[in-house]
Amino acid sequence: MKEVLQNVYSPCDGTIKEVFVDRSSYVYEWEPLLLIETKEQKEIEVSIGVSGTVTSVEFSQGQSVTSNAIVTTLLDDLEITGSD
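Let me begin by describing the structure that accompanies this report. (Residues numbered from 1 in each chain as written. Predicted model: local features only at pLDDT ≥ 70, side-chain atom pairs only at ≥ 80, totals over all residues. Heavy atoms only, no water.)

### Some thoughts on the packing of aromatic side chains
Alright, step 1. The full count for this structure, using the stated rule, is one aromatic pair.
Alright, step 2. Centre to centre, the rings of tyrosine 26 and tyrosine 28 are 5.1 Å apart; their planes meet at 80 degrees, and the pair counts as edge-to-face.
Alright, step 3. Taking relative accessible area as the criterion, tyrosine 26 reaches 38% and is therefore assigned partly exposed. (Phe/Tyr/Trp six-rings, centres within 6.5 Å; stacked < 30°, edge-to-face > 60°. Buried < 20%, exposed > 50% of the residue type's maximum accessible area, 1.4 Å probe, protein only.)

Okay, here's the thing in structure tokens:
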């Protein structure tokens, strides 16, 4: 079976407020991966529409992140669940 790595990108500039996963965590579609706090004090949840195993987490709590930076990568399990 073909392996597919999915990069997850930061949707905004800000500070990592919380990291919900670590390397080797299994995540489901749209499960929160990180929480970013913007300069305007908004909290932005970062998720992805695939399930699989996290292979890397590039940031930790308290670090600054820029828009479009890769925050984590996961190995897509390629399972179709039919959830929205």
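That covers the picture; the talk isn't over yet.
### Remarks on the pattern of salt bridges
Two side chains bearing opposite charge may form a pair once their charged atoms approach each other closely.
Alright, step 1. Throughout the structure, instances matching the rule amount to two salt bridges.
Alright, step 2. Taking the shortest distance from any N to any O, the salt bridge between glutamate 37 and lysine 17 comes out at 4.0 Å. Here glutamate 37, found in strand β4 (residues 34-37), pairs with lysine 17, found in strand β2 (residues 14-19); they are 20 residues apart in sequence, far enough to count as distant.
Alright, step 3. Judged by relative accessible area, lysine 17 falls into the partly exposed class, the value being 36%.
Alright, step 4. With a closest N to O distance of 2.3 Å, lysine 17 and glutamate 43 form a salt bridge. Highlighted residues: lysine 17 in strand β2 and glutamate 43 in strand β5 (residues 43-46), separated in sequence by 26 residues.
Alright, step 5. Among the charged side chains, a network of salt bridges with common partners joins Lys17, Glu37 and Glu43. (Salt bridge = Lys/Arg side-chain N within 4 Å of Asp/Glu carboxyl O. Helix = DSSP H or I, 4+ residues; strand = E, 2+ residues; numbered from the N terminus.)

### Remarks on the pairing of β5
Alright, step 1. Note: β4 against β5, four bridges, orientation antiparallel. Bridge assignment links leucine 34 to a residue of β5, and that residue is valine 46. (Pairing = 2+ DSSP bridges.)

### Focus on the nonpolar core
Alright, step 1. Val8, Leu33, Val65 and Val71 are the most contacted members of the largest nonpolar core, which totals 17 residues.
Alright, step 2. Counting residues per element, the ones that place at least two in this core are β4 and β8 (70-76).
Alright, step 3. Not counting residues up to four positions away in its chain, the partners in contact with valine 65 are Ser10, Cys12, Asp13, Gly14, Ile16, Ile36, Phe59 and Val71. (Core = buried A, V, L, I, M, F, W, Y, C linked by side-chain atoms within 4.5 Å. Contact = heavy atoms within 4.5 Å.)

### Description of the sheet that holds strand β6 (residues 52-57)
Alright, step 1. With antiparallel pairing, the four strands of this open sheet are ordered in space as β1-β8-β6-β3. Two strands bound the open sheet, and with one partner strand each, they are β1 (4-9) and β3 (26-27).
Alright, step 2. Summarising the sheet, β6 and β8 pair through five bridges and their orientation is antiparallel. Looking at β8, one finds that valine 54 is bridged to leucine 74.

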